[in-house]
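# Observations on the three-dimensional arrangement
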Amino acid sequence: LSGYFKSIIFRIQRKIKKKYLIELPDKVLRITLGAKSSTSKTNPHIDHKDEKFWTILGFLNPVWNSKDGGHLILEDKKIDYLPGRFIVFPSNLEHNGGYIENKELNYWRISLNIILY
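Here is what the cut-offs are and how they apply
Residues numbered from 1 in each chain as written. Predicted model: local features only at pLDDT ≥ 70, side-chain atom pairs only at ≥ 80, totals over all residues. Heavy atoms only, no water. Helix = DSSP H or I, 4+ residues; strand = E, 2+ residues; numbered from the N terminus. Pairing = 2+ DSSP bridges. Axes fitted to C-alpha atoms, helices over the stretch in contact; angles between N-to-C directions. Contact = heavy atoms within 4.5 Å.

### So, the environment of Asp-68
Looking at the element boundaries, Asp-68 is found in the loop between strand S2 (54-59) and strand S3 (72-74). Taking the C-alpha atoms as reference points, Asp-68 and Arg-30, separated by 38 residues in sequence, lie 28 Å from one another.

Structure follows, in structure tokens:
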């Protein structure tokens, strides 16, 4: 999976630089896969206190119904969980994954969290 993750990072770095003129760091602090069900609850948090660190958060489910919840709350902004969407933000911004609202859902919401420095 190392090559897969490196490819994702490279492509996102290139897009961010081209679109926003932001040069993302290239060292990886950690890569985490997360899975949430309707019983999974998390608290608002930051990924790292250093403002030079960046988070790449990817939504990996191939199919997702927005009515099921699972959105991202980034500071005061709600970002819908869309399959294949990647969000890039400074790691010191408070965020939290929204709750899965569909209690009958028979699969989990999968996300990828990459911290760069």
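### Re the sheet that holds strand S7 (residues 109-116)
Within the open sheet, the 4 strands sit side by side as S1-S7-S2-S5. Their pairing is antiparallel. Edge positions in the sheet fall to strand S1 (28-36) and strand S5 (86-90), since each of these pairs with one other strand and no more. Pairwise comparison of adjacent strand axes, ignoring direction, gives a mean angle of 15 degrees for this sheet. Pairing between S2 and S7: 6 bridges, direction antiparallel. By the bridge assignment for S7, Gly-58 is matched with Leu-112. Across the sheet, helix H1 (residues 2-20) is in contact with S1, S2, S5 and S7; its angle to S7 comes to roughly 70 degrees.

### Examining unusual backbone geometry
One non-glycine residue, Leu-21, adopts positive backbone phi at about 60 degrees. With respect to the secondary-structure elements, Leu-21 resides in the loop between H1 and S1. The backbone of Glu-75 shows a phi angle near 55 degrees, a positive value even though the residue is not glycine. Tracing the sequence through the fold places Glu-75 in the loop between S3 and strand S4 (77-79).

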